[in-house]
Amino acid sequence: LYAQRMRRFSLLELISGDIWALDQDLKDYLTKRVESSGDKSRELPILSQVDEIKRHILIDGEYEEWIADFLKEKGFWEEKNTRRKNNSTRKNAEYT
């Protein structure tokens, strides 16, 4: 008998600008969050795969909420004041 573990990924799409700087800043941010949370289920180091052609970053693990927090801090994400909980908009901006 064996159990096959499903792998979970977080995908950040439609990136413009310096995708490598975004990848490094995001990994630094997620590493700090994992270390400060003390969550043993999250693994270090944070692994990611950058695809320059498709303009996306694939991150190993479920970090959607933390990635959204990172983008809000950097000014790339806005929350709308509406009744719907998941109603948010993305800004078209270039990462530098």
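Coordinates for the structure precede this section.
Summary of the structure given here. Sequence positions are assigned chain by chain, starting from 1 and proceeding in written order. The model is predicted, so local features are restricted to residues of pLDDT at least 70 and side-chain atom pairs to those at 80 or more, both for listing and for counting; the totals for chains, interfaces and linings are taken over all residues. For side-chain calculations, the full set of non-hydrogen atoms in the structure is used, while hydrogens and water are omitted.

### What to know about the sheet that holds strand β2 (residues 48–51)
Then, number 1: Any two strands with at least two DSSP-identified bridges between them are counted as paired. Where helices and strands are cited, they refer to DSSP runs of H or I of at least four residues and of E of at least two residues respectively, numbered from the N terminus. Ordered by their spatial adjacency, three strands build an open sheet running β1-β3-β2, and the pairing between neighbours is antiparallel. Sheet topology places β1 (9–12) and β2 at the edges, where each strand pairs with a single neighbour. The average undirected angle you get between the axes of adjacent strands in this sheet is 15°.
Then, number 2: As paired elements, β2 and strand β3 (residues 56–60) share four bridges and run antiparallel to each other. Of the residues in β3, the one forming a bridge with Gln 49 is Leu 58. As a rule, the C-alpha atoms of each element are fitted with a line to give its axis, helices using only the stretch in contact, and angles between N-to-C directions run from 0 to 180 degrees.

### Some points on unusual backbone geometry
Then, number 1: Even without being a glycine, Leu 14 presents a positive backbone phi close to 55°.
Then, number 2: Within the fold, Leu 14 resides in the loop between β1 and α1 (19–37).
Then, number 3: Of note in the backbone geometry, Arg 55 takes a positive phi value of approximately 60° without being a glycine.
Then, number 4: Position of Arg 55 among the secondary structure elements: in the loop between β2 and β3.

### Points about the side chain of Asp 23
Then, number 1: Relative to the elements of secondary structure, Asp 23 occurs in helix α1.
Then, number 2: By the convention used here, residues are in contact when the closest approach between their heavy atoms is within 4.5 Å. When sequence neighbours within four positions are dropped, the list of residues in contact with Asp 23 reads Ser 48, Val 50 and Ile 57.

### Examining the nonpolar core
Then, number 1: Residues belong to one nonpolar core when they are buried, are Ala, Val, Leu, Ile, Met, Phe, Trp, Tyr or Cys, and are joined through side-chain atoms within 4.5 Å. Residue burial is assigned from relative accessible area. The probe radius is 1.4 Å, only protein chains are included, and a residue is buried under 20% of its type maximum, exposed over 50%, and partly exposed in between. Counting 19 residues, the largest nonpolar core has Leu 12, Leu 30, Ile 57, Ile 59 and Tyr 63 as the members making the most contacts within it.
Then, number 2: Secondary structure elements with two or more residues in this core: α1, β3 and α2 (64–74).
Then, number 3: Broken down by element, the residue count for this core peaks at six residues, all from α1.
Then, number 4: The contacts of Ile 57, once residues within four sequence positions are left out, are Ser 10, Leu 11, Leu 12, Ile 15, Ile 19, Leu 22, Asp 23, Ser 48, Gln 49 and Val 50.

### Observations regarding α1
Then, number 1: Counted at 1.5 Å a residue, the expected span for α1 with its 19 residues is 27 Å, and the 27 Å between its end C-alpha atoms agrees.
Then, number 2: Against β1, β2, β3 and α2 lie the buried residues of α1.
Then, number 3: One side-chain oxygen of the residue at the start of α1 lies 3.3 Å from the amide nitrogen of Trp 20, identifying that residue as Asp 18. Here the expected span of a helix is defined as 1.5 Å times the quantity of residues minus one. Identification of polar contacts relies on pairs of N or O atoms within 3.5 Å, with a donor-acceptor requirement for protein atoms, meaning one able to donate a hydrogen and the other able to accept it, and with residues adjacent in sequence counted only if both atoms are side-chain atoms.

### Quick notes on the packing of aromatic side chains
Then, number 1: Planes of paired rings set the category: under 30 degrees apart is stacked, over 60 is edge-to-face and the rest tilted, where pairs are Phe, Tyr or Trp rings (Trp by its six-membered ring) whose centres lie within 6.5 Å. For the coordinates displayed, the defined rule picks out two aromatic pairs.
Then, number 2: With a centroid separation of 5.3 Å and 50° between ring planes, the pair formed by Tyr 29 and Phe 70 is classed as tilted. Residue Tyr 29 is located in helix α1, and its partner Phe 70 is located in helix α2; the two are separated by 41 residues in the primary sequence.
Then, number 3: What makes Tyr 29 buried here is its relative accessible area of 13%.
Then, number 4: Here Phe 70 falls in the buried class, since its relative accessible area comes to 3%.
Then, number 5: Plain terms: the ring middles of Tyr 63 and Trp 66 are 5.9 Å apart, the flat faces sit at 35° to each other, and that makes the pair tilted. With respect to burial, Tyr 63 and Trp 66 carry one shared label: buried.

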